[in-house]
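The chain contents come next:
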Amino acid sequence: MPLTSEPAALKNVKGWIIDMDGVLYRDTEPIPGAAEFIAALQEDQTPYVLLTNNSTLTPGQYVAKLRPMGIAVTEDRVLTSALATADYLEEVAAPGARVYILGTDGIRQAVRDSRLTPTDDYREADFVVVGLDRHLTFMQLQDASLAIRRGAQFIGTNPDRTLPTPLGEIPGNGAILAAIEAATDVEPIIIGKPRRRIFDWARGHLGLSAPEVACLGDRLETDILGGHDAGLFTVFVRSGVSTAEDRDR
């Protein structure tokens, strides 16, 4: 279905940065209309990337997750806060710098694919990188906190306090960051949305200027705020976390 009836405000938009959790699906439950929207972009050959703050999965795993929902994309379309974090670390860290990681496949693979060195020994960590992990243990929180107190730089893949699921909102990465910040009195450096850097990084994959790109998201404090600060046209949908009442406030 070609995009022939878009609002006048979208006429100058040539590409899209699209959130995933709360926009395309809620956990494993597809959101109605999402597959048709992506298919319409593909049919019109409109440039787009999927940009998620969720660092738990690799691009390949996200492709596999989307496929049963009727959304067929290639790995190069999927950008994550894990990839953006590894990109940031490669800019600021010395080659071989040691990284203690809280997180799952997405952030662990991104660090392994960089010129940095993952470590399980908090005493040798130069950086502590924290992404969402639903199987997090107290010992991991302890070691991350000890590493930061020894001088390791504290990095958060994203600040999302909650994660939308069919059951409701569950603790997100921001909740884990808050626990470590409380234990260390150190505020993390945030890489993901709403930081402008990740939007500029995603826009670079599209090869378009800011006024030519629309950001589609469900969280006002990350997707919409960050897209606005990056100079993008923003589109808010109420299928995820933020509500119409949040928007009005």
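Residues numbered from 1 in each chain as written. Predicted model: local features only at pLDDT ≥ 70, side-chain atom pairs only at ≥ 80, totals over all residues. Heavy atoms only, no water.

A. Empty space enclosed by the protein, seen in detail. Using the criterion set out here, one finds two cavities of 30 Å³ or more in the structure. Counted as a void, the largest cavity has a volume near 90 Å³. D19, D21, N53, D160 and R219 are, among the 14 residues lining the largest cavity, the residues nearest its centre. For the lining of the largest cavity, the secondary-structure elements that each account for two or more residues are β10 (162–165) and α8 (220–229). A class-by-class count of the residues in the lining of the largest cavity yields two nonpolar, five polar and seven charged. Size it by volume and the second largest cavity reaches roughly 60 Å³. Together, D21, N53, N54, S55, L132, N158, D160, T162, L163, G172 and N173 line the second largest cavity. Here the lining of the second largest cavity is composed, by residue class, of two nonpolar, seven polar and two charged. (1 Å grid on protein atoms, 1.4 Å probe; cavity = no way out; pocket = protein on both sides within 12 Å on 5 of 7 lines; lining within 4 Å. Points joined across faces, edges and corners; volume = space filled by probe spheres on them. Helix = DSSP H or I, 4+ residues; strand = E, 2+ residues; numbered from the N terminus. Nonpolar A, V, L, I, M, F, W, Y, C, P; charged D, E, K, R; others polar.)

B. Region of interest: the side chain of E212. Examined against the element boundaries, E212 turns out to sit in the loop between α7 (196–206) and β13 (213–217). Once you skip the residues sitting within four places of it in the chain, E212 turns out to touch N12, V13, K14 and G15. (Contact = heavy atoms within 4.5 Å.)

C. Focus on the pairing of strand β9 (residues 153–156). Bridging between strand β8 (residues 127–130) and β9 involves four bridges; their strand directions are parallel. Bridge pairing in β9 links V129 to I155. In this region the chain leaves β8, passes through helix α5 (residues 138–149) and returns to the parallel neighbour β9; the handedness of that crossover is right-handed. Sheet topology places β9 next to strand β12 (residues 189–190); two bridges connect them, and they run parallel. Note on β12: the bridge partner recorded for G156 is I190. (Pairing = 2+ DSSP bridges. Right-handed = clockwise from strand over helix to strand, strands pointing away.)

D. Representation of the packing of α5 against helix α6 (residues 173–184). In the contact formed by α5 and α6, the axes pass within 9 Å of each other and the chain directions differ by 50 degrees. By the criterion of interaxial angle, the relationship of α5 to α6 is oblique. As α5 runs across α6, the sense of the crossing is right-handed. On α6, the residues that touch L141, A144, S145, I148 and R149 of α5 are I176, I180, A183 and T184. By residue class, the composition of the contact of α5 with α6 is six nonpolar, two polar and one charged. (Axes fitted to C-alpha atoms, helices over the stretch in contact; angles between N-to-C directions. Parallel < 35°, antiparallel > 145°, perpendicular 65-115°, else oblique. Left-handed = near helix turned anticlockwise from the far one by under 90°.)

E. Molecular detail of the packing of aromatic side chains. Counted under the stated rule, the structure contains one aromatic pair. Residues W16 and F37 carry aromatic rings whose centres are separated by 5.4 Å and whose planes lie at 80 degrees to one another, so their mutual orientation is edge-to-face. Pair noted here: W16 is in strand β1 (residues 15–18) and F37 is in helix α1 (residues 34–43), with a separation of 21 residues, a long-range link. Above the ring of Y48, the side-chain terminus of R77 is found at 4.2 Å from the ring centroid. (Phe/Tyr/Trp six-rings, centres within 6.5 Å; stacked < 30°, edge-to-face > 60°. Lys NZ or Arg CZ within 6 Å of the ring centre and 35° of its normal.)

F. Quick look at the sheet that holds strand β7 (residues 117–119). As summarised here, the arrangement of the five strands in space is β7-β6-β8-β9-β12, forming an open sheet in which the pairing is parallel. At either end of the open sheet lies a strand with only one pairing partner, and these are β7 and β12. In terms of strand pairing, strand β6 (residues 98–102) meets β8 through four bridges, oriented parallel. Within the sheet, the bridge partner assigned to I101 lies in β8 and is V129. Along the sheet face, helix α4 (residues 105–112) touches β6, β7 and β8 and points at about 170 degrees away from the line of β6.

G. Up close: α5. Between its first and last C-alpha, α5 extends 16 Å over twelve residues, near the 16 Å set by a 1.5 Å rise per residue. By the burial criterion, the buried members of α5 are Q140, D143, A144, S145, A147 and I148. One or two residues past the end of α5 sits G151, with phi positive at roughly 115 degrees. (Expected span 1.5 Å × (residues − 1). Buried < 20%, exposed > 50% of the residue type's maximum accessible area, 1.4 Å probe, protein only.)

H. View of α4. Looking at α4, one finds that the buried residues are G106, I107, A110 and V111. Down the axis of α4, the buried set is contained in an arc of 120 degrees. They therefore lie on one face. The elements touched by buried residues of α4 are α3 (81–92), β6, β7 and β8. (Arc of directions from axis to C-beta.)

In short, shape yes, function no, at least from these values alone.
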